[in-house]
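Working through the structure, step by step
Letter by letter, the chains look like this.
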Amino acid sequence: MKLGKTGPEVFPIGLGCMGMSPVYGTPDRKESIATIHEAIERGVSLLDTGDFYGMGHNELLLREAIAGRRDKVLLSVKFGAQRSPDGAFLGFDGRPVAVKTSLAYTLQRLGVDHVDIYRPARLDPSVPIEETVGAIADMIAAGYVKHIGLSEVGVDTIRRAAKTHPIVDLQIEYGPATRKPEEKIFPALHALGISATLYGVLSRGLLSGSKVGGPGDYRAHLPRFAGAAGEKNAAVVDAFAKLAQDGGRSPAQLAIAWTVAKEPKLLPIIGARKPAQLRDALGALDKPLTPAEIAAVDQLLPPGSIAGERYPQAQMAHLDSER
């Protein structure tokens, strides 16, 4: 499939690498690299990362994993999130000088001469999107970037960015548990010829029944996993697992297959950390859903049926995509 009107050809599932840095607990480095290698061998082409994942850890891991394989992968990199030494998020910087500085360090950590898709991780409310996108366009002209992407921005921002330079895709959370992009964002993307890379298809493991691992697991602080919302969602997750089993699928395969069926021109990004998780995810492509199965998921998980926001309220307030 092609990523938007102006983007590259990509395998129909991408690999999100965030979980290979300490986010959901401590990952196994060897397993992470083995997962990336197997993904490449199976044809997965787009690898998604961020320079703030583990404060550079993720990019250094990718450098090791793609050594000798650079020509087989497309590197999608998010930038701009500011972090302190203790890991706290300090805000976002989308100034042109920050764009170029961030890219310089990313190229060094990844050990490459260019990245394929470069995108601000969030909208900097103090910097016009035209300036941020314009700076990336400068880096395209200089040969350091191939394409421009966006992340978690709303329709107005998307349109303004697209007038400044062609945009290949918007990165946005979407899946059976997160349906809001269907309302305004997807129609705008389709009209503009812009694709999307879809993360959170499993709602960070909620739909696959993954359990929070402890205080080092970021999900312990997410509304959908905690308190009354977490208890309410557990019943829905059990029903989703039963629906998957009835169709001869794993819950992850059902979520991915549903997403592909709903938005066949968009690209799900799956955060597999282990080869077995990767194989399970890719199995979703071998067994497309029937119209009856799609309807069954829609009936079980209509928009708004999952309790709790996808991020804590303070983070939700910074999402241009939610405005």
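Our subject is the structure listed above.
Residues numbered from 1 in each chain as written. Predicted model: local features only at pLDDT ≥ 70, side-chain atom pairs only at ≥ 80, totals over all residues. Heavy atoms only, no water.

Quick notes on the environment of Asn58
Looking at the secondary structure, you find Asn58 in helix α2 (residues 57-66). We classify Asn58 as buried; its relative accessible area is 0%. As a C-alpha pair, Asn58 and Ser102 span 44 residues in sequence and 14 Å in three-dimensional space. Excluding anything up to four places from it in sequence, Asn58 contacts Cys17, Met18, Met20, Ser21, Thr49, Gly50 and Tyr53. (Helix = DSSP H or I, 4+ residues; strand = E, 2+ residues; numbered from the N terminus. Buried < 20%, exposed > 50% of the residue type's maximum accessible area, 1.4 Å probe, protein only. Contact = heavy atoms within 4.5 Å.)

Comments concerning the pattern of salt bridges
Inspection of the entire model under this criterion finds 23 salt bridges. The salt bridge partner of Arg119 is Asp169, with a shortest N-O separation of 2.9 Å. Taken together, the positions of Arg119 in strand β6 (residues 115-120) and Asp169 in strand β8 (residues 169-173) put the pair 50 residues apart, joining distant regions of the chain. Like Arg119, the residue Asp169 is buried in the burial classification. Its salt-bridge partner being Arg179, residue Glu182 comes within 2.8 Å of it at the nearest N-O pair. Residue Glu182 is classed as partly exposed on the basis of its relative accessible area of 26%. Arg179 sits in the buried class, given a relative accessible area of 11%. Salt bridges linked by common partners bring Glu152, Glu173, Lys180, Arg204, Arg310 and Glu322 together as one network. (Salt bridge = Lys/Arg side-chain N within 4 Å of Asp/Glu carboxyl O.)

Structural notes on the nonpolar core
Core analysis: the biggest nonpolar cluster contains 79 residues, and Leu15, Leu47, Tyr118, Leu150 and Phe186 have the highest contact counts within it. Look past the residues within four positions of Leu47 in its chain and what remains in contact with it is Leu15, Cys17, Ile36, Leu62, Ile66, Val73, Leu74, Leu75 and Ser76. (Core = buried A, V, L, I, M, F, W, Y, C linked by side-chain atoms within 4.5 Å.)

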